[in-house]
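In case you want the letters, here they are:
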Amino acid sequence: MSHTLTVEGLATHFHTRAGVVKAVDGVSFHVDRGEVLGLVGESGSGKTVTGFSLIGLVEPPGRIAAGRILFHGQDITALPEEELRQLRGNRIAMIFQDPMMTLNPVLRIDTQMMETVHAHAKVSNAEARARSRDALGMVGIPSPEERLSAYPHQFSGGMRQRVAIAIALLHRPELIIADEPTTALDVTIQAQILAEVQKLAREHGTALIWITHDLSVVAGLADRIAVMYAGRIVETGAVVDVLDAPLHPYTAGLIGSVPSRNKRGTRLRQIPGMTPQLINLPAGCAFRTRCASATAECEADPPETFPAFGRAVRCFHQQAEAS
Amino acid sequence: MSTTAGIAREETPFRRFTSEFAESPLAVLGLVIVVIVAVLALAAPFITPQNPYDLAQLDIMDGRLAPGSKSMDGLVFWLGTDDQGRDMLSGIIYGLRISLGVGVGSAIIAGVIGSALGLAAAYFGGKVETAIMRLVDLQLSFPAILVALMILAVLGKGVLNVMLALVLVEWARYARTARGAALVERRREYIEAAECLALPRWRLLAFHLLPNCMPPLIVIGTIQIARAITLEATLSFLGLGVPITEPSLGLLIANGYQYMLSGKYWISFYPGIALLVTIIAINLVGDQLRDVLNPRLKR
Amino acid sequence: MNEPVIEPVIELRGVSKRFGKHLDAAARLTRGLRRSLGATVPDQVVRAVDSVDLTIAKGEVVGLVGESGCGKSTIGRMVAGIMPPSDGQVVWKGRDITAMPLDAMRKATLAVQMIFQDPYASLNPRMRVEDIIGEAPRVHGMIPKGGGDDYIDAQMRRAGLDPAYKRRYPHQFSGGQRQRIGIARALAVQPEFLVCDEAVAALDVSIQAQILNLFMDLREQLDLTYLFISHDLGVVEHLSDRVVIMYLGRIVEEAPAEEIFARPNHPYTQALLSEVPRIDTRKRQFTAIKGEIPSPLNPPSGCHFHPRCPAAMAACREQAPVLREVAPGHRSACHLNAA
Amino acid sequence: MTTWIFRRLIQAIFVVLAMTVIVFIGVNVIGDPVEILISPQADQAERARAVIALGLDRPLWEQYGRFLWNAVQGDLGKSFVFNEPALRLIAQRMPATMELAVTAVLLSIVLGIPLGLYAGLRPNSFAGRSIMAGSIFGFSLPSFWVGLMLIMVFAVQLGWLPSTGRGQTATLFGVQWSFLTRDGLAHMLMPALNLSLGNIALVLRLTRAGARENMPMDYVKFARAKGLSPVRVVFVHVMKNITIPIVTVIGLEFGSTVAFAVVTESVFAWPGMGKLIIDSINVLDRPVIVAYLMMIVFLFITINLLVDLLYTVLDPRVRLESRE
Amino acid sequence: TMAMSSSPTSVDPHYHTFAPNETLGIHMYDRLIERDPLNNLIPGLALSWKLIDDSTWELKLRQGVKFHDGSAFTAADVAYTFARVPTVVNSPGSFSIYTKTVVAMETPDPYTVRMKTNGIYPLLPVDLTNVFIIPKNLGPNPATEEFNSGRNAAGTGAFRMVSYKQGERVELERNDAWWGSKPHWQHLTIRMIPNDGARTAALLAGDVQLIEFVPTADATRLRADKRVTLAEIASQRIVYLWLDRSRGGPTPFITGPNGEALTVNPLNDKRVRQALTIAINRPAIVERVMEGAAYAAGQFVAPGTWGHAPGLNPPTSDVARAKALLAEAGYPNGLRITLHGPNDRYVNDGKIIQAIGQMWSRIGVQTTVDAITWPNYIARANKQDFSAYLLAWGFGEATNPLRALVYTFSPAKGWGAVNRGRYSNPEFDGLVDRLMVTADEAQREKLVIEATRIAMEDVALIPLHLQQNIWAMRAGLAFVPRADEDTRVMDLRPAP
Ligand SMILES: Nc1ncnc2c1ncn2[C@@H]1O[C@H](COP(=O)(O)OP(=O)(O)OP(=O)(O)O)[C@@H](O)[C@H]1O
Ligand SMILES: Nc1ncnc2c1ncn2[C@@H]1O[C@H](COP(=O)(O)OP(=O)(O)OP(=O)(O)O)[C@@H](O)[C@H]1O
Ligand SMILES: [Mg+2]
Ligand SMILES: [Mg+2]
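A few points on the structure. For clarity, every value in this text was computed on a predicted model and none was experimentally measured. Counting from 1, residues in each chain are numbered in the order their sequence is written. Lettering of chains starts at A and numbering of ligands starts at 1, both following the order in which they are written. With pLDDT at 70 or above as the cut-off, local features in this predicted model cover only qualifying residues; side-chain atom pairs require 80 or more to be listed or tallied, and sums for whole chains, interfaces and linings still use all residues. Computation of side-chain values: all heavy atoms of the structure, hydrogens and water removed.

## Considering the sheet that holds strand β3 (residues 36–41) of chain A
All names here are of chain A. Basically, it comes down to this: Note: two strands are recorded as paired if DSSP finds a minimum of 2 bridges between them. Only runs of H or I of at least four residues qualify as helices and only runs of E of at least two qualify as strands under DSSP, and these elements are numbered from the N terminus. Only heavy atoms enter the contact rule, under which two residues are in contact if any of them lie within 4.5 Å. Structural elements are reduced to axes, namely lines fitted to C-alpha atoms, with helices fitted over the stretch in contact, and the angle between N-to-C directions of any two is expressed from 0 to 180 degrees.
Across the sheet, which stays open at both edges, the eight strands sit in the order β6-β7-β8-β3-β9-β10-β12-β11 with mixed pairing between neighbours. Sheet topology places β6 (92–95) and β11 (304–305) at the edges, where each strand pairs with a single neighbour. Running over the sheet, helix α11 (residues 249–256) touches β9 (224–229) and β10 (232–238) and is turned about 105 degrees from β9.

## Looking at the pairing of strand β1 (residues 5–16) of chain A
All names here are of chain A. Note that β1 and strand β4 (residues 62–71) share eight bridges and pair antiparallel. Counterpart to V7 in the pairing with β4 is I69. Sheet topology places β1 next to strand β2 (residues 19–31); ten bridges connect them, and they run antiparallel. Each residue of the ladder has a partner; that of A11, found in β2, is D25. In this antiparallel pair of consecutive strands, β1 and β2, the connection spans two residues.

## Let's talk about the sheet that holds β2 of chain A
All names here are of chain A. Across the sheet, four strands lie side by side as β2-β1-β4-β5; this open sheet has antiparallel pairing. Every other strand in the sheet has two partners, leaving β2 and β5 (74–75) as the edge strands with one partner each. Along the sheet face, helix α1 (residues 47–54) touches β1, β2 and β4 and points at about 115 degrees away from the line of β1.

## Here we look at the site of ligand 1
All names here are of chain A. For the record, the criterion: The nearness test applies per residue and asks whether one of its heavy atoms lies within 4 Å of the molecule or strand. Any pair of nitrogen or oxygen atoms within 3.5 Å is treated as a polar contact; in protein, a donor-acceptor pairing is required on top of that, and neighbouring residues in sequence qualify only through side-chain atoms on both sides. Computed with the Shrake-Rupley method and a 1.4 Å probe, the accessible areas treat only the protein chains shown as cover for residues. Ten residue types, Ala, Val, Leu, Ile, Met, Phe, Trp, Tyr, Cys and Pro, are classed as nonpolar, four, Asp, Glu, Lys and Arg, as charged, and the remainder, Gly among them, as polar.
Within the structure, ligand 1 sits among 15 residues, and S43, G44, K47, T48 and V49 are positioned closest to it. Here an oxygen atom of ligand 1 sits 3.3 Å away from a polar atom, N or O, in the main chain of S45. Within the complex, the protein chains bury 72% of what would otherwise be the 630 Å² of accessible surface of ligand 1. Sorting the residues of the shell around ligand 1 by element identifies β1, β2 and α1 as the ones contributing at least two each. Here the shell around ligand 1 gets three residues from one element, more than from any other, and that element is α1. Partitioned by chemical class, the residues of the shell around ligand 1 number five nonpolar, seven polar and three charged.

## Section: the site of ligand 2
Residues and elements named next belong to chain C. Inspection of the region around ligand 2 gives 14 residues, with S68, G69, K72, S73 and T74 positioned closest. One of the backbone N or O atoms of C70 is found 3.2 Å from an oxygen atom in ligand 2. Side-chain polar atom of E198 to an oxygen atom of ligand 2: 3.5 Å apart, as the coordinates give it. The fraction of the free accessible surface of ligand 2 (630 Å²) that becomes covered by protein chains is 67%. Element by element, the count of residues in the shell around ligand 2 is highest for helix α2 (residues 72–80), at three residues.

## Remarks on the interface of chain B and chain C
In plain terms, the rule: Buried area: the accessible surface (1.4 Å probe) lost by two parts on joining, summed over both. Salt bridges are counted wherever a side-chain nitrogen of Lys or Arg sits within 4 Å of a carboxyl oxygen of Asp or Glu.
The interface is formed by 28 residues belonging to chain B together with 38 residues belonging to chain C. Both sides together, the interface formed by chain B and chain C hides about 2,800 Å², and carbon and sulfur atoms give 54% of it. Where chain B meets chain C, there are two salt bridges. Here E192 of chain B and R77 of chain C are joined by a salt bridge, their closest N and O atoms 2.4 Å apart. Linking chain B with chain C are twelve residue pairs in polar contact (both at pLDDT 80 or more), by the criterion used here. Of all the secondary-structure elements, those providing two or more residues to the side of chain B that touches chain C are α1 (13–21), α7 (189–196) and α8 (201–237) of chain B.

## Brief notes about the environment of D75 of chain A
Residues and elements named next belong to chain A. Relative to the helices and strands, D75 resides in strand β5. In this structure, the C-alpha to C-alpha distance between D75 and T6, residues 69 residues apart in sequence, is 9.2 Å. Sequence-distant contacts of D75, that is, excluding residues within four places in its chain, are made with R68, I69 and L70. A distance of 2.7 Å separates polar atoms of two side chains, one belonging to D75 and the other to T77.

None of this, on its own, says anything about what the molecule does.
This is how it looks when you write it as structure tokens:
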């Protein structure tokens, strides 16, 4: 069985003045063709760094310290930069969080799209332009031909994000990493983009890693979910399983604190304490300081356990089934 | 970005700033030189062998002596003398005093005036802003050196006149910077919060807006000091500037320049070195300040 | 469900806010020139808030929802008294704020405090926490100059902060803690009314719950009234008694919270509610309202929503609908209701 | 666009008015041109005749009014000293200054941008740090001092380059240019370098700062995520963003460069406007001073205009309110 | 190629009485009467001149002289020139000061000119050494601009103009038809390099062959440099100090020793003036400040020159006596004074006043020195703004300074025009009045010497030194230095 992407024990560390930031620390997961994996976690838990690691764009002082990233069985971490470059934007694409910042403000949309075509395909300018136009049409931008010669600032945030998605689609990639692409957008616009992404996975069989901190979005979009906390994946599983029956106390807390899961006007269930600092994090379960069921045992690293088919958890005190 | 909860030591912004500043050894060296120069300049009357501004202490018969020569009454001129028999060492230290005084003085005055106007323009907006900014545009559309030349031609020489000219030339830069910074800061929510707390306006301007506009002002301040010193030197070189009996470094260089070709290098070489070292040191400090105080370079 | 008729604390009466670019002489000259040549030159005016009427009763929590740029924050600012309206009146306990004598106005301003969205930008980075919290009470003579440490400690504790941290600077706190500092700062002047402008939007989900709980606790302890601005319908639903929906500077619908979530009347509200991702709806099919949010610089004629509305009629294009009661306490601005 | 032109025009008129008033008053305060110009042998009657000949016997406001009236008709008056129209005098001298200033600016671009880019992309490398340290010298050295040193070393000691003057010129569009001949270029090298030193440092630092600021931006990362080559990322994506502040600053500095040519020209005996203006200030040749300053104002406005136009090419976000 | 120290303002020889214009002019034009290097009159376009009655001078003109445009030089050209001089428009310094004494002119034949003056005017030949002759066929009112463009630039001189670039250079070509001895150089380029250092550097770098006004600081070094030769001569430019005599009450820049205001002007006391002049160590200034390029002066002209008063030597410095004189005058504790001077006009002007400041301080006159740029300075000096101040005066012959500097300021007469100190002495004025109506040379010299003695003894002004004029050229060339500061390339030839 070959997954589109398999990540094994990925660790990405930043060597800063203040110490080593273990932004990603032993992360393993996989995605299959046509599958949407939701990568959920709080701010600073290492989601974005994971995303960048996957396409080899971790910049100094960061570097991949351990692990393998197998793309169709080929280890990306071992590839020379030039071959990696040919993968990027071609077979693996990424969409960034902030639509206002991802497009170069001083280059026209067509330039930014066509250069992507040219980077991976030897085609004429006319052909590149045609492809760009089609991609714009695909993400639902009206009158794409005219819009091609516009500048990013003439677009609203939602449209820019759709341009970014169109750029990601140019080469029909096998894998798209979407890093919170709708966080900055309004509800109605978010819905438009989610609709397009869904269509994409369905129609092209593209594998999708959807990074977000919003459980509700994942609930509606993803097939499987991976919950990150302090650089580690604490729980994975099918969306239905994880959301209905979280095994890790952190997952449970997270779900519990969503307002609509609580009765109106009552106090929300909250996770006490704060998200931890990743600098010089001590060994052991990073969540134990906030965890109600923590014991002395938790000062050791909890191993990954597989309590059910397709599920994995790292916790000594897994929650009871159903909440 | 992510925050520290458990740091035991109290970290004031100032402490953070100093520790970041100290990261560049070159900048620290610059600061040390600036301090030494400042101390030399302040203590000039107590440490120089001669008061180079007192004509009665000079004797043209000692003029143009090479470094290390002795005067008629036994004084050793370590760096030689100029054409008036002025001890170069004393002259340089006094010159530093004038140059630094002019530079720092004008920068401070211009800074205060300019920042006040800039802040007012940003905070009050409307007509006040238009009026002030038009004035700034007007000022900035003339090259500094020309303005200074004209002013000094009108006012005549003198340390105060040079300072006045420099202030007139420089205030607009501060005003523009202050306004730019204030326009950004003014939109920040902490200003709205202060308004919401019904704090008096002056308090808002002085304790909330101003301190947060300081970093860019400090940066251009240091750079303007260096610029002012250079400009003063250039003006003195062009024959406008400070009085000839109280030469600044620039005037010392200009005086010695005539002797360049005749091999009496020390008359302009040593003041030149002093000027250079001072300006470079100030710029080193300014450079590092720019990096440390620039929020955009912060991760 | 009828609200008991109690005194409104704050009332907006036909309040509008326009933002225009200041035209200098040259710009006026060209505009005049163009006009004289017969060209139509639109004024560059943003109608951020357009004749809004809103009444908030004592002890109530009103949620204000709408998409980006629709004027939520502007309303919040006008309510908090830090931005004067262009038109209309802001009435505080029956008196027009703008017409008040200075002293009373200051009191009114102090009574309405604001909690801001950005926990990083809303605290002066150059002040210690104790000064951030203590400055206003000192200035207004609530505590003695230089003293009042106990008072400050009490405010910090009430907001869930350890007073041991009071000599620290904002950058030494996490986002959630900073938001608490902001809350303590507001509470320190003993307000009756809090405007929370997206107060939890920037926070992590787990921290968000902590702050929301704090708001609810404070409401009980201090009998506070809230204007709760958010684009997160889940949060608004959880917290508010009444919900007001805005679209492009106008109120399109207002109703008690349960009512509006159960029976949304305005097409926009309906679309909004259907698109909100919910944790309980799995693997759903997203569909989207067509079109983009129009620019407030150049809003569509008539009902602002008509270009995106599935049920738009001819009248919608020409005439702006007014708010009409469709059920007790439930008002909506849609021509469909008139038909 | 129209608004913008109006704005510039109004501003220019104000600047010119303010400037002329200042010059008239200033010259009046400094002294009497006749005293300076007239032969020392002249007696009182001759002095009085000269005062009348130059129109200096009238009250100041009348002189000013007369000047304004003539200026509106395009006549800025004749030089007291040369008895030629001030404008023509300046026009004759301008090419020399302009070519010097333009060469200086070109030098600063050609040297400043590559060095700055290198220092910006490799901020922690030895070379990057050295470039930055070196650039401090660029704007710390007073330019007159550098000029002298250049002459000392290259002309007097080594004899490689001619010391002063403009050298051979060739005619193009009816104007004499030095850059068209080898000899002229040789003469121009030192003064241009001297004049550009500060600008090189400035451009270098701006480029470096721009590179440092832009490299961590999302759009750069996105460009890389698209699989673009590093060369394209740096030279198309980053460069175009860096160019904007550089163009502004070079534009603004061009005016100062022209003005600062005063110093360089006097050190290198370069026969440009700078020397003319210094001489004119010295002898209080008011028409020339006024005409020169007007020229500078005009230059500033033109440059601002060019910069703004360039802006719209470089930075699409600034579109001069043309879309209405 | 030669380098000038300052730029001519025009090629028009009658536009502006300005030394650089003259330097340019002598290469292109001739005058009726020329000066030899020591300022004695020698024939120019006129071969001889004599008084034929009290008010008429007759000049015999040189024959066979041709203008550059080919026309022959005749008396009509002289008349034309004299008629043109006062009509030059906008002239900031008109040559009519040299021509206006000529009230009428007759040209009895093409080679004779008779000039009539108003009464006796012995100085007319001297005036004539300033007026360049231009050809009559330039037509009425030739415009200054046309000279600059080269169209009118036709003289009889040794060179003809090829091109003129204002402020930069003038290209000239030898006029082989010139009547004088043929210049060595076929082409002459005159470059303007006002910056002293740059000028010297240009010579050292070999860019130019001759430079004028060598700065004193460089002269020392150049003397030792094998690549160059110097030519030096004492000039007729006296550097001196004015003392304010225009005020009876307090003078603005003198106070008592502790800054207290005075009620009288101490400078009206001859003892004070004497103290000030003998306080100055002139040899020290000459040696240290001027680096030897000057001659200490106790009167206007150098020894050996016509009009030199024998025995009137530079006052020797004597601190003790100066102090005594001050005490005698009632200032035993000295005075405070501000000494003014320009800083950009004369050779080492700023340095000289500083040196004097040192010397005065030693006799108890605490001196502040203030050097000001020329425009400002001269305007204030003309308004008698200062108390003690430095100026210099260049003159052609000995009567000139007496008449212009020391004679009582009298606008009506046009005498004492530059008597800025407002010194006035009837006895002296009487002598000069007599002098100006005396034609006999010996008698005149006697009167000059007597008047000079009176002025110097009374310390009408404080003479400091006479400048030395220095030219420098590449080795292997020889140049005739001139007392009148003119630079004539005709006098530059390969060294024999
Ligand atoms: N260049 C860097 N240098 C040092 N630390 C870094 C760097 N980039 C990221 N980190 C650290 O790595 C950790 C993970 O960051 P990451 O951006 O992946 O978080 P995230 O889960 O994407 O958060 P968010 O939801 O806020 O986007 C953070 O603690 C961050 O401080
Ligand atoms: N100071 C201002 N000057 C000019 N326009 C403004 C100003 N403040 C707000 N606006 C405009 O008014 C409109 C409403 O702004 P407001 O901030 O109230 O929206 P909002 O609903 O709070 O949006 P968001 O959800 O993005 O915060 C926007 O189009 C905005 O651009
Ligand atoms: Mg992220
Ligand atoms: Mg808002």
